[in-house]
Amino acid sequence: MKQSPNDSKRYQTVTLENGLRVLLIQNTHSEKSAAALAVNVGHFNDPENRQGLAHFLEHMLFLGTERYPDGSEYQKFISQYGGNNNAWTSTEHTCFFFDIHHSHFTKAIDRFSQFFIAPLLSAEFVNKERQNIDAEFKLKLKDDIRRLYDVHKETINQKHPFSKFSVGNIDTLADRENQPVKDDVRNFFHRYYRAEFMTLALEGPQSLDELSTLATLKFSDIPSAVDPLPQVTEPLYLPEHQGINIQVMPVKNDRQLIISFAMPSIDKYYRHKPESVLAYLIGHEGPGSILSLLKKQQWAMGISAGSGINGSNFKDFNVSISLTELGEQHLDEIVDTVFSYITLLKKEQLPEHYYREKQAIAELSFTYHEKSSPLDNVCQLVLNMQHYPPEDYIFGDYVMDSMCHDTIKKLLGYLTPSNMRLVHISKNQQPSKTSYWYQVPYDVGPITKDKLAKWQQMPLNKALFLPPANPYIVRNPQVIAPHNGSKIPTLVEKTDGFSLWFKQDITFKVPKGYIYIGIDSPFSVASAENIAMTRLFVDLYTDDVIEENYDAELAGIHYHLYAHQGGMTLQVSGLSEKQGDLLAKLLVSLQHHVAPENRFELFKQQSISHWANADKSKSISQLFATMSSAMQPNNLSSQKLAEALSGVSYQQFIRFSEQLFTQVTIEALVHGNWLPEHTKQISACIKQTFHGYYRKEYAVNCPVIDIKDQGQLILPVTLPDHDHASVLYYPQPDKAVNTTAKTMITSHLLSPLFFQEMRTEKQYGYLVGVGYIPINRYPGIAFYIQSPHTMPDALTEAMDDFIHTCLEKLENLSNEDWQHLQHGLAGQLQENDASLRIKSQRFWGAISNKDTEFKHKQNLIDAILALSFDEVKTFIRTKLFKSADPDRLLLVTTACKEGLTFDDLKQQLGGMVISREDELNETMARKY
């Protein structure tokens, strides 16, 4: 088995006597162990009269086994010991996974393995869980990705299993005369959950022998297959499903054109990856590309190529183009451009240097593979085991043996008009059809023969040309020998308004680095208009530098400018060798950036449209977004941003851009494959850009609203035609580490109990939870429920009832259990950074939060371990009980189906009703 030279883990493959393929991974650098099991079964295997059954079985396997009949025991066990767990179902695979502290792995595996040996599949949970399946289905009714899939399923060969309804609902899973669903789910389990169809990956600090013994002892009882898996033989498309035009009405005001070409499965070409070269060129964003030409004509905002549904006997090669409003009026010309570029690709054999560039990037990614967490690793590898031979379990995603011109030519042969489907997604149409499951308005019809004939013979457009060789490709990067043994960043330069931190990586030994440059500007947050214009500036700048720096992005040197509550941050990451060159170019562009008026108007309208789409998000997301903007004056809501930007003129924006960086403070971090002399060059580059403009008096403090001694504040959010939802948020009054520890462990303690009661037992909805939610380092805890059928006042009452009775539920918690819970949470925080990226993010987060000694995490761990259970019970009783009149923010949906008026809220919920989120900003004190 080929593994990265940068991968110190040990691997071993085993096949059990029952046919189960197992990958064992010894990772001595992690305190956690993880497991993932994938089965080559998904919704394609659903019976025609039981659609959604594979997904339903995935849910049911969590709800009790013969050895562990308590339906909530597994979730509680994993949570108690600091772990995570989940599962998913796709077309042809279902995957289950968890992680936990290694000392509890054996007990967790014992529970996990029983899912696949002796699940209860009891009638009691069958009746309850199909309600959750139905709630999950309804939750996604307004999800545009699901809706597009629904139309896709209706416009293909109906004998192909992709056409089936994958999620299931209360109707497809209903009991029928002489056919209860519990019998169908049991029969499905016994037919398909067989060892030969499964792969298992186990990772942890245990020895390979220990892991092998664990696999053999716990998974050998999974039965072997009686019959082979059925193969998909029907084609995805018949001739009438090609050469067609499909119009789809989305929920959000998005405009997109998808040009989709049908291919057979290309999995057999994985060692050469010929499709990657086509995706590389068609999706290119540099000079001479499809996107470059479309942007010049103001027709498109972005492009991607190569993605699309794929399976055992099909592959869609999609060219997805994000359209402008003007672009919608020129769809045929856009397709002209795409086929003209395809003509260019077919004209002569493609130069090998494109493949070598992709190959070099893949080799670097593999050779200097960044570590991932055990959970992420097993989830990836267990699927690779379903697709690759054992020698390529790790290497299969990276291998690029050679450029196979014949295969590329064969794939290019599929990029023809007659083998195409055009999908136009826009609200500017009036379709006549409606899809069955998600009620999506759409139309479908043939593309005219004249258009197909024109596109078949599309001539070359002189504005289109293939890209030159990429100058940023680094073929033999050097990893610098350690010169700085410090475990934390060092402040190497500090002047009036400028600070630079440096840390050479001595852990991961990869030729990569991260540069963060935080730019605080009081002018950027001086008004709502300025906050909105800062966001617009970021988008325009990013668009402006894409074409010039696209080669760097392709070569693994990345950049990202993003707005924060005090200004903006520029991040450069990836291969360190040529980062300095890119940074210098980016900073010059930042200093001299001037957007032309036509791009300003285009991006202004795009931003307003994007912010207007926020009201289409699911209810709970909108409540949390409202909470965040209500508590942070510098974090405006989408509605406020749209309103503020609407009145901004081009001249006003130009004046804003000229002043944006005239009064700033700069804080920077250089971390990774660097030496101190590199920081001097980077420092000089930054200081030259902002010369004379940075002073410490221009620092920006980001305020948080203080609701201390206000009791309950109610903030209703009007959401017509959405699910009901309620969020109870308890912000804490200080940032003390002890307060943070109590808030975190309370969330950790109550989360599995809340989930079990509100979702599994009371069936309020699919989205329920308890979460630790800090706002600008002030800790807080939130309880939330989204429900398709229960009013917000009832949801709030249910949450209060839970909180008031939670101590009774915890009466039987032993001292040993309490200590396990403490150590489980502390273990999550103690887990080593899995990659250079994660370590850099942690260091930058500490610097941004003024944790300049980098001790906050360890102080928090110490505080969690020092807490007594009595302290936490007192915290719950005095800070969360409604009878204690705690300071809390209650967010509820109104005008949701039956609706709630403000008077209703005052009468039913008590407390002061805030009519709009900015009322908090106007009336409450602020803290920093």
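Criteria and thresholds
- Residues numbered from 1 in each chain as written.
- Predicted model: local features only at pLDDT ≥ 70, side-chain atom pairs only at ≥ 80, totals over all residues.
- Heavy atoms only, no water.
- Pairing = 2+ DSSP bridges.
- Helix = DSSP H or I, 4+ residues; strand = E, 2+ residues; numbered from the N terminus.
- Axes fitted to C-alpha atoms, helices over the stretch in contact; angles between N-to-C directions.
- Contact = heavy atoms within 4.5 Å.
- Buried < 20%, exposed > 50% of the residue type's maximum accessible area, 1.4 Å probe, protein only.
- Polar contact = N/O pair within 3.5 Å; in protein donor to acceptor, adjacent residues only side chain to side chain.
- Salt bridge = Lys/Arg side-chain N within 4 Å of Asp/Glu carboxyl O.
- Core = buried A, V, L, I, M, F, W, Y, C linked by side-chain atoms within 4.5 Å.
- Phe/Tyr/Trp six-rings, centres within 6.5 Å; stacked < 30°, edge-to-face > 60°.
- Lys NZ or Arg CZ within 6 Å of the ring centre and 35° of its normal.
- Parallel < 35°, antiparallel > 145°, perpendicular 65-115°, else oblique.
- Nonpolar A, V, L, I, M, F, W, Y, C, P; charged D, E, K, R; others polar.

**Q** Looking at this structure, how should I read the sheet that holds strand S15 (residues 490-495)?
**A** Remark on secondary structure: sheet strands pair via backbone hydrogen bonds, oriented parallel or antiparallel. Spatially, S15-S16-S20-S17-S19-S18 is the arrangement adopted by the six strands of the open sheet, whose pairing is mixed. In the strand order of this sheet, the two ends are held by S15 and strand S18 (557-564), each with one partner. Sheet twist, expressed as the mean angle between neighbouring strand axes with direction ignored, is 10 degrees. Lying over the sheet, helix H15 (residues 528-554) contacts S18 and strand S19 (567-575), oriented at roughly 180 degrees with respect to S18. Contacting strand S16 (498-504), strand S17 (512-520), S18, S19 and strand S20 (665-672), helix H25 (residues 836-848) crosses the sheet at an angle of about 155 degrees to S20.

**Q** Where do I start with the side chain of Asp833 in this structure?
**A** Mapped onto the secondary structure, Asp833 falls in the loop between helix H24 (815-830) and H25. Relative accessible area serves as the criterion here: at 15%, Asp833 is assigned to the buried category. A distance of 3.4 Å separates polar atoms of two side chains, one belonging to Asp833 and the other to Lys839. The residues contacting Asp833, other than those within four sequence positions of it, are Phe508, Ile838, Lys839 and Arg842.

**Q** Got a minute to help me understand the pairing of S18 in this structure?
**A** In regular strands, side chains alternate between the two faces of the sheet. Here eight bridges tie S18 to S19, and the two strands are oriented antiparallel to one another. Following the sheet pairing, His560 is matched in S19 by Gln571. Linking S18 to S19, which pair antiparallel, is a turn of two residues.

**Q** Would you explain the pattern of salt bridges in this entry?
**A** Tallied over the full model, the rule gives 32 salt bridges. Here Asp184 makes a salt bridge to Arg50, at a shortest N to O gap of 2.6 Å. Of this pair, Asp184 sits in helix H6 (residues 181-192) while Arg50 is found in the loop between strand S3 (32-39) and helix H1 (53-60), placing the two residues 134 residues apart along the sequence. Looking at Asp184, the relative accessible area reads 14%, which means it is buried.

**Q** I'm lost on the sheet that holds strand S2 (residues 21-26) in this one. Help?
**A** On the basis of which strands lie adjacent, the open sheet formed by six strands has the order S1-S2-S6-S3-S5-S4 and mixed pairing. Each of the sheet's edge strands pairs with one partner strand only, and the pair in question is strand S1 (10-15) and strand S4 (84-89). Recorded for the sheet is a direction-independent mean angle of 10 degrees between the axes of neighbouring strands. Pairing of S2 with strand S6 (residues 198-204) involves six bridges; the strand directions are parallel. Residue pairing across strands places Ile25 opposite Glu203, the latter belonging to S6. Across the sheet, H1 touches S4 and strand S5 (94-101), and the angle it forms with S4 is around 165 degrees. Packing against the sheet, helix H3 (residues 105-114) makes contact with S3, S5 and S6, and its axis sits at approximately 155 degrees to S5.

**Q** Looking at this structure, I do not really get the side chain of Ser320. What am I missing?
**A** Take Ser320: it is sitting in strand S11 (residues 314-323). On the basis of relative accessible area, Ser320 is assigned to the buried category, the value being 9%. Contacts of Ser320, omitting those with residues within four sequence positions, involve Gln256, Leu257, Ile258, Gly302, Ile303 and Ser304.

**Q** What am I meant to see in the nonpolar core here?
**A** Most often, soluble globular proteins have nonpolar side chains that are buried together. Membership of the largest hydrophobic core comes to 80 residues, with the highest contact counts inside it found for Ile517 and Phe690. Sequence-distant contacts of Phe690, that is, excluding residues within four places in its chain, are made with Ile519, Leu587, Leu590, Phe661, Val664 and Ile666. In this structure, Ala54, Leu121, Leu208 and Phe219 belong to the second largest nonpolar core, which totals 54 residues.

**Q** Looking at this structure, how should I read the environment of Gln504?
**A** With respect to the helices and strands, Gln504 occurs in strand S16. The exposure class assigned to Gln504 is buried, which follows from its relative accessible area of 0%. Between the C-alpha atoms of Gln504 and Leu675, which are 171 residues apart in sequence, the distance is 6.6 Å. Polar side-chain contacts of Gln504 include one of 3.0 Å to the backbone oxygen of Ala481.

**Q** In this structure, what is going on with the pairing of S4? I would like to understand it.
**A** For S4 and S5, the ladder comprises six bridges, and the chain directions are antiparallel. Looking across to S5, one finds that Asn86 is bridged to Phe97.

**Q** Quick question: what am I supposed to make of the packing of aromatic side chains here?
**A** Where two aromatic rings form a pair, the distance of their centres and the angle of their planes describe that pair. For the structure on display, the rule yields 42 aromatic pairs. Judged by centre distance (5.9 Å) and plane angle (85 degrees), the rings of Phe261 and Phe339 are edge-to-face. On the criterion of sequence distance, the pair formed by Phe261 in strand S8 (residues 256-263) and Phe339 in helix H10 (residues 331-347) is long-range, its members being 78 residues apart. An identical accessibility class is assigned to Phe261 and Phe339; each is buried. On the basis of an interplanar angle of 80 degrees and a centroid distance of 5.1 Å, the ring pair of Phe754 and Phe802 is categorised as edge-to-face. Placement of Phe754 in helix H22 (residues 737-761) and of Phe802 in helix H23 (residues 792-809) is noted, with a sequence separation of 48 residues between them. With relative accessibility at 0%, the residue Phe754 sits in the buried group. Phe802 gets classed as buried once you look at its relative accessible area, which sits at 0%. The residue whose ring lies beneath Lys153 is Phe162, and the NZ or CZ to ring-centre distance is 4.3 Å.

**Q** Hey, could you run me through unusual backbone geometry in this one?
**A** Most peptide bonds are trans, and most residues other than glycine sit at a negative phi. Although it is not a glycine, Asn178 adopts a positive phi angle of roughly 60 degrees. Classification of Asn178 as exposed rests on a relative accessible area of 77%. Unlike most non-glycine residues, Gln439 shows phi in positive territory, near 55 degrees. Along the chain, Gln439 turns up in the loop between strand S13 (433-434) and strand S14 (441-446).

**Q** Explain the packing of helix H4 (residues 123-139) against H22 to me, please; I cannot follow it from the model alone.
**A** Relative orientation and spacing of two packed helices are given, respectively, by the angle between their axes and the distance between those axes. H22 packs onto H4 with a crossing angle of 90 degrees between their chain directions and a minimal axis gap of 9 Å. Of the possible angle classes, the one that applies to H4 and H22 is roughly perpendicular. Residues Phe125, Lys128, Glu129 and Asn132 of H4 pack against Arg759, Thr760 and Glu761 of H22. Looking at the contact of H4 with H22 residue by residue, the classes come out as one nonpolar, two polar and four charged.

**Q** So what exactly am I meant to see when it comes to helix H8 (residues 274-282) here?
**A** Residues that lie three or four places apart on an α-helix share one face, since the helix turns once every 3.6 residues. Counting buried residues in H8 gives eight out of nine residues, a clear majority hidden from the surface. Listed in full, the buried residues belonging to H8 are Pro274, Ser276, Val277, Leu278, Ala279, Tyr280, Leu281 and Ile282.

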